[in-house]
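Structural features, examined
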Amino acid sequence: MIDLQKLSQEAKEASITASTVEELSKVQNQYLGKKSELVKAKKGLGSIPESDRATAGKELNEARESIEIIFTERKLEIEEAEWDLNLASEKIDLTELLNPITRGHLHLITQARDQLEDVFVGMGFTVAEGPEVETAWYNFEALNIPDWHPARGNFDTIFVDLGEPEEVMLRSHTSPVQIRTMERQAPPIYIVAPGRTFRTDSADSTHLPAFNQIEGLVIDKGITMGDLAGTIDAFVQAFFGKEVKSRLRPSYFPFTEPSAEFDISRPDGSWLELGGCGMVHPNVLSNCNIDPEEWQGFAFGFGIDRLVSMRYQLDDIRELVLNDARFLRQF
Ligand code: PHE
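For the structure given in this document, a descriptive report is provided here. (Residues numbered from 1 in each chain as written. Predicted model: local features only at pLDDT ≥ 70, side-chain atom pairs only at ≥ 80, totals over all residues. Heavy atoms only, no water.)

**What to know about the sheet that holds strand 7 (residues 256-265)**
Read from one edge of the open sheet, 7 strands run 1-4-5-9-8-7-6, paired in mixed fashion. Looking at which strands have only one partner, the edges of the open sheet turn out to be strand 1 (126-127) and strand 6 (246-253). Both strand 4 (residues 189-198) and strand 5 (residues 210-220) contribute to a ladder of 10 bridges, which runs antiparallel. Bridge pairing links Ala193 to Glu215 in strand 5. Contacts from helix 11 (residues 304-311) reach strand 4, strand 5, strand 7, strand 8 (271-280) and strand 9 (296-303) within the one sheet, and its direction differs from that of strand 9 by about 60 degrees. (Pairing = 2+ DSSP bridges. Helix = DSSP H or I, 4+ residues; strand = E, 2+ residues; numbered from the N terminus. Contact = heavy atoms within 4.5 Å. Axes fitted to C-alpha atoms, helices over the stretch in contact; angles between N-to-C directions.)

**A look at the packing of helix 2 (residues 21-32) against helix 4 (residues 50-89)**
Contact geometry of helix 2 with helix 4 gives a least axis separation of 10 Å together with a crossing angle of 175 degrees. The angle between helix 2 and helix 4 falls in the class roughly antiparallel. In contact with Val21, Leu24, Val27, Gln28, Tyr31 and Leu32 of helix 2, helix 4 contributes Arg64, Ile67, Glu68, Phe71, Arg74, Lys75, Ile78, Glu79 and Glu82. Across the contact of helix 2 with helix 4, the residue classes tally to 8 nonpolar, 1 polar and 6 charged. (Parallel < 35°, antiparallel > 145°, perpendicular 65-115°, else oblique. Nonpolar A, V, L, I, M, F, W, Y, C, P; charged D, E, K, R; others polar.)

**A few points about the site of the ligand**
By nearness alone, 14 residues border the ligand, and His173, Ser175, Arg199, Gln213 and Glu215 come closest of all. In this structure, a nitrogen atom belonging to the ligand sits 2.9 Å away from a side-chain N or O atom of His173. Between the ligand and Gln213 there is a distance of 3.0 Å, counted from an oxygen atom to a side-chain nitrogen or oxygen. Within the complex, 93% of the 330 Å² of free accessible area of the ligand lies under protein. Elements with a contribution of two residues or more to the shell around the ligand: strand 5, strand 8 and strand 9. For the shell around the ligand, the class distribution of residues is 5 nonpolar, 7 polar and 2 charged. (Near = heavy atom within 4 Å. Polar contact = N/O pair within 3.5 Å; in protein donor to acceptor, adjacent residues only side chain to side chain. Areas by Shrake-Rupley, 256 points an atom, 1.4 Å probe, with all protein chains shown as cover.)

The values reported here are purely geometric and, on their own, carry no functional implication.
Here is the structure:
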């Protein structure tokens, strides 16, 4: 008779030395295969006394079962380890995607321009554009500023050496887009036009010779100064928050009548002048073949750079064009 206890102990130890499924099946064959001691013993059952045969057979079967369990369990262990190994070798480091390389972002002015567009688009406006190089007609004349008009002098215009003297210029405001839009499109009109504008100003802490404005133009029936004030108020609150107020102060622009400057409240209670506005002058409508008896509207225009500088409390507006990464990274 063989020592079954010892055999299954040996089988257990041998199974542990196998580290792959193939190795394990060789070892398993030694203990359970055709030439194994167990099978030999089973074949030898016939030669033992009849009275012992049943018990011996039973013991052999039990030993076989327990050895089979040893190998099944070891096989699971090996398979699990192989699975883990595969997982580890096929692993993709997704944290690479969570820690992207440092990337730039849109410039402050561009961010503000996009947000302004969003606010106005949300109010039902569309976005219009015009060229940065303009003729006297669009920049002045159609806006009710004939060449003898003293207001031309207020615009500190940069002229381009092209055509008649003072005929072609870098636009000194975004208001020419009003004219271009009314020429192209029949009322009702609800547009905003952001863009670059230029004046001979030398750069200092509050001025830039190349700056950005956003123009608004509404032409419809029965539009009043109340609509203008309400639109400005709604915009100011959407852009700066509910606590910021706006106010209109009487002013003068040749292309609006009546005209106003609009201010917004600062946290300390003082007011910041943001831009100009007013009811579109009947001459301007006529210049664009729109009947002032039938249609009315308002227009406004203000500096985006100034708005950004107020929003972020910049001491010097020139920061916006110096392109110092240490400054820009903060936003
Ligand atoms: N274009 C004017 C400026 O640049 C602002 C303005 C726009 C005023 C529209 C009234 C209406 O100063």
